[in-house]
Amino acid sequence: LQEESREACRRRKEQLNDGSNALTICLAINYGARADILQAAQKLAQAISSGEISQTDMSTMNESEISKRLCTAHIPDPDLIVRTSGETRLSN
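Residues numbered from 1 in each chain as written. Predicted model: local features only at pLDDT ≥ 70, side-chain atom pairs only at ≥ 80, totals over all residues. Heavy atoms only, no water.

Caption draft 1: Spotlight on a nonpolar patch on the surface. A contiguous nonpolar surface patch, about 490 Å² in accessible area, is contributed by Leu1, Leu16, Ile25, Leu27 and Ile29. Within the element layout of this structure, Ile29 appears in the loop between helix 1 (3–16) and helix 2 (33–49). The exposure class assigned to Ile29 is exposed, which follows from its relative accessible area of 55%. (Patch = residues over 30% accessible without salt bridge, like charges linked within 9 Å, V, L, I, M, F, W, Y side chains within 5 Å. Areas by Shrake-Rupley, 256 points an atom, 1.4 Å probe, with all protein chains shown as cover. Salt bridge = Lys/Arg side-chain N within 4 Å of Asp/Glu carboxyl O. Helix = DSSP H or I, 4+ residues; strand = E, 2+ residues; numbered from the N terminus. Buried < 20%, exposed > 50% of the residue type's maximum accessible area, 1.4 Å probe, protein only.)

This is the structure in C-alpha cells:
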C-alpha cells in the first residue's frame, strides 16, 4: 500500500482502538490461499520429517495442525469480509 493509505489505516485504528475493545483489521491484498496452504503443508511435512510430529500424532491430526502453520494463524477468524472487486463468492 502507498504510505498515504497505510497512514489512513493507522489513524483509523487509533480512533477505533481506545483500549476498551480489541479490533483486528486485516487487508488481504493479493492473498492467495492456495500458496498459503502449500506453505503450511510444507511446514507440516518438515515437522514430520524432523520428528517434531510422530507417526502416532499423525493418526489424530486435525485441521488445527494446518491452521497453526498458515500465515494467518495469528489473526482471529473474521466476523466480516468485504470484497471490493464485485466478486460474491467465498470459500468456507
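Here the narrative resumes.
Caption draft 2: Representation of the confidence of the model for the chain within the structure. Per-residue pLDDT for the chain averages 81, and the proportion of residues at 70 or more is 88%. At the low end of the mean pLDDT range in the chain sits helix 3 (residues 55–59), at 77; at the high end sits helix 2, at 90. (pLDDT = per-residue confidence, 0-100.)

Caption draft 3: Just helix 2, in detail. For helix 2, which comprises 17 residues, the first-to-last C-alpha distance of 24 Å matches the rise-based estimate of 24 Å (1.5 Å per residue) to within 8%. Buried residues of helix 2: Asp36, Ala40, Leu44 and Ala47, and no others. Seen along its axis, helix 2 keeps its buried residues to an arc of 75°; they face one direction. Looking at helix 2, the residues exposed on the side facing more than 90 degrees away from the buried face are Arg34, Ala35, Leu38, Gln46 and Ser49. (Expected span 1.5 Å × (residues − 1). Arc of directions from axis to C-beta.)

Caption draft 4: Local environment of the side chain of Glu65. The residue Glu65 is located in helix 4 (residues 63–67) in this model. Classification of Glu65 as buried rests on a relative accessible area of 18%. Among the polar contacts listed, one links the side chain of Glu65 to the side chain of Lys68, at a separation of 3.4 Å. (Polar contact = N/O pair within 3.5 Å; in protein donor to acceptor, adjacent residues only side chain to side chain.)

Caption draft 5: Spotlight on the side chain of Arg69. Structurally, Arg69 can be placed in the segment after helix 4. Ignoring any residue separated from it by four or fewer positions in sequence, one finds Arg69 in contact with Ala40, Lys43, Leu44, Ala47, Glu52 and Ile53. (Contact = heavy atoms within 4.5 Å.)

Caption draft 6: Structural view of the environment of Asp36. Along the chain, Asp36 turns up in helix 2. Sequence separation between Asp36 and Arg69 is 33 residues, and the spatial gap between their C-alpha atoms is 8.8 Å. Beyond its immediate chain neighbours, meaning those up to four positions away, Asp36 contacts Tyr31, Leu70, Cys71 and Thr72.

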